[in-house]
Amino acid sequence: MALFSSQVVHSAPFYDQLEAVQLDDAHFDAMGRVEAVGDIDRKVVCLRPMRKGLPEISAESLGEQVRVHLYGHGGSGWTLLWGSVDKAVTLFEEKAREHEFNDQVPITVIGAGCMGKAVALSLYHAGYRSIRIIAEQDSRIASLNSTGYLAMVSLATENETEKKEAEQLAIETLKGYQRVDSGTHPIINEGVHLIDVYSGLGKEGEEGPLETYTGIEPFAEAGLLPKPEKGVVEFSTGVSYPMQKFRTYFMDTAVIMAAFDRELRTRNIPVIHKTVDSLDDIKTNVVFNCSGLGAGKLNHDDRVYPNMGLLLDLAHQPLNKLDYIIYTRYQPPGAPKRSSPVDKADIYFMPRGGGLLGATFIDHNDGSDTALNEALFTRILRENRQFFGYPINPH
Ligand SMILES: Cc1cc2nc3c(=O)[nH]c(=O)nc-3n(C[C@H](O)[C@H](O)[C@H](O)COP(=O)(O)OP(=O)(O)OC[C@H]3O[C@@H](n4cnc5c(N)ncnc54)[C@H](O)[C@@H]3O)c2cc1C
């Protein structure tokens, strides 16, 4: 199938041949829904902790207590991690000087996602020695389900100033991952590597992969990651498309969370499984509120809301040959014209775990509408199928 113009082919600086995702025994049931068998290992419903505007990163004094808030990172929490954690710790240290706290001051971190665990380890690195984490749970959380794509997608900034502020946090975070990658980060030194990201070149109204805001642009413009190149990608199924190639970091979030857990154990920082009903129930001098979506209730913040992400975790993939990301909008040939936002991918493949297909970005959705979820899982599979060209067996 040749969907590209000869002009693109002749001027293409790259012609990459990629192994396609293989779903040999994908089934649709009698209702047309995808069955989670065989090459689909798990259907994941997960919620991004969105916040209208910027994530909340602030510190306040309430009598003898200092409260630091660090939540609301939406679909970019890993992308904003180190910049946000550093900012929160800096704000805390200003307050600690005012309050004349010493390094033994008792600190409670609420939340055991990437924010809570990274902030606890950063506080330890800064010299604090009486730290505990309290969390409802740390297994089925956004931080573990995240795909680990370093990109500015899925935030709810409302103006240019907020966008620039978020980009600054992301740039500081990228520098943090560069240290992780080079083995010089003070907290962890594993779980990230640079990866190629492909997205479309088609214009509105055309068919195939369409131009998409990948969220890597701010890093490329700042000269911190390579500028995108235009070329052609051919998949092992024989499908080929003109595409844009970016490069960014891929964060293996399961590996990084496991590294955080190991470092917490080494430093005797406990993770206590408990639900906090109110911040007033925590009596330590210092509280870090890293409760993600839970912060809506705990900090009475009505700007916090869920954005639902659905993922299909894959099995039996030739993963050693799938070390790339696809993040692109897509117009199926012959289908009614769609109007997906320019920054949201219809085709989304990431090599996390056994490989995954996704994703959805559904605002103000708490994941409880199972009929809708099934319909969306089916859509993910159908759309990716058109892209990768794998066969689908009728049931
Ligand atoms: C499907 C999906 C894909 C994603 N992909 C990416 C990506 O590619 N790149 C990227 O940068 N980001 C991505 N994200 C976003 C990223 O995962 C989140 O922004 C980040 O994990 C938020 O971390 P957190 O620590 O703030 O929250 P969470 O991981 O949600 O952790 C919150 C913690 O607070 C605890 N808690 C909440 N309320 C209470 C309470 N009342 N008492 C006690 N504990 C409480 C929870 O139990 C949990 O331990 C994705 C998210 C999803 C869902």
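Residues numbered from 1 in each chain as written. Predicted model: local features only at pLDDT ≥ 70, side-chain atom pairs only at ≥ 80, totals over all residues. Heavy atoms only, no water.

K.L.:
Is there a simple way to explain the overall build of the protein in this structure?
P.N.:
Helix and strand counts for the protein come out as 9 helices and 20 strands. At 22 Å, the protein has a C-alpha radius of gyration in line with the 21 Å of a compact globule built from 395 residues. With respect to the principal axes defined by its C-alpha atoms, the protein has extents near 70 × 45 × 40 Å. In the protein, buried positions account for 54% of the 395 residues. If you take every contact in the protein between residues at least 6 apart in sequence, the share linking residues at least 24 apart comes to 77%. Element-wise, carbon and sulfur atoms account for 48% of the exposed surface of the protein, whose accessible area totals about 16600 Å². When the 39 positive and 53 negative side-chain charges of the protein are each reduced to one mean point, those points stand 1 Å apart. (Helix = DSSP H or I, 4+ residues; strand = E, 2+ residues; numbered from the N terminus. Rg over C-alpha atoms; globule rule 2.2 N^0.38 Å. Buried < 20%, exposed > 50% of the residue type's maximum accessible area, 1.4 Å probe, protein only. Contact = heavy atoms within 4.5 Å. Areas by Shrake-Rupley, 256 points an atom, 1.4 Å probe, with all protein chains shown as cover. Lys, Arg positive; Asp, Glu negative; His and termini not counted. Charge placed at Lys NZ, Arg CZ, Asp CG, Glu CD.)

K.L.:
Honestly, the pattern of salt bridges in this entry has me stumped. Any pointers?
P.N.:
Should their charged atoms come close, side chains of opposite charge can pair. Scanning the entire structure with this criterion turns up 24 salt bridges. Close ionic contact of D261 with K117 constitutes a salt bridge, the shortest N to O distance being 2.7 Å. With a gap of 144 residues between them, D261 in helix α7 (residues 253-266) and K117 in helix α3 (residues 114-125) connect regions that are remote in the sequence. Residues joined in a network through salt bridges with shared partners are E190, R262, E263 and R267. (Salt bridge = Lys/Arg side-chain N within 4 Å of Asp/Glu carboxyl O.)

K.L.:
Just checking my understanding: could you explain α3 for this structure?
P.N.:
An α-helix turns once every 3.6 residues. As a result, residues three or four positions apart point the same way. With 12 residues, α3 extends 16 Å from end C-alpha to end C-alpha; this agrees with the ideal 16 Å at 1.5 Å per step. Of all 12 residues making up α3, 10 are buried, and the element is well covered by its neighbours. Buried residues of α3: C114, M115, G116, K117, A118, V119, A120, L121, S122 and L123, and no others. The positive-phi residue at the C-terminal boundary of α3 is G127, with phi of around 115°. (Expected span 1.5 Å × (residues − 1).)

K.L.:
What am I meant to see in the confidence of the model for the protein here?
P.N.:
Caution applies to low-pLDDT regions: their predicted coordinates should not be interpreted in detail. Here the protein averages 91 in pLDDT, while 92% of its residues score no lower than 70. A low-confidence stretch, residues 1-10 (pLDDT under 50), is modelled with 14 contacts involving residues beyond four sequence positions or located in other chains. (pLDDT = per-residue confidence, 0-100.)

K.L.:
Would you mind going over the domain arrangement of the protein with me for this structure?
P.N.:
How big an interface is tends to be stated in terms of the accessible area lost upon association of its parts. One can read the domain layout of the protein as domain 1 (6-48 + 194-251 + 307-394) and domain 2 (55-187 + 254-304). Look at where the C-alpha atoms of domain 1 and domain 2 centre, and you get two points 30 Å apart. Contact with domain 1, which involves 30 residues of that partner, is made by 26 residues of domain 2. Taking both partners together, domain 1 and domain 2 bury about 2300 Å²; carbon and sulfur atoms supply 68% of that area. Three residues, F219, Y249 and M251, lead the burial of domain 1 against domain 2; their summed loss comes to 33% of the area buried on that side. In this structure, the connection of domain 1 to domain 2 is made through 0 salt bridges. (Domains from an automatic or database assignment. Buried area = accessible area lost by both parts, 1.4 Å probe.)

K.L.:
Would you mind showing me how to read the nonpolar core here?
P.N.:
Side chains of a nonpolar character, in soluble globular proteins, are inclined to be buried together. Membership of the largest hydrophobic core comes to 75 residues, with the highest contact counts inside it found for L81, F92, I107, Y177, F260, F288 and Y327. Summarising the domain contributions, this core has at least three residues from each of domain 1 (6-48 + 194-251 + 307-394) and domain 2 (55-187 + 254-304). When residues no more than four places from it in sequence are discounted, the contact partners of Y177 are W78, L81, W82, L150, V192, Y249 and M251. Core analysis: the second largest hydrophobic core is formed by 29 residues, V21, L322, L357 and F388 among them. (Core = buried A, V, L, I, M, F, W, Y, C linked by side-chain atoms within 4.5 Å.)

K.L.:
What am I meant to see in the site of the ligand here?
P.N.:
The full set close to the ligand counts 36 residues, and G74, T79, Q137, S143 and T147 are the nearest of them. The contact in question runs from a nitrogen atom of the ligand to an N or O atom on the backbone of G75, over 3.0 Å. Note that a nitrogen atom of the ligand is positioned 2.8 Å from one of the backbone N or O atoms of V276. Mapped onto the shell around the ligand, the elements with two or more residues apiece are β4 (40-51), α3 and α4 (142-145). (Near = heavy atom within 4 Å. Polar contact = N/O pair within 3.5 Å; in protein donor to acceptor, adjacent residues only side chain to side chain.)

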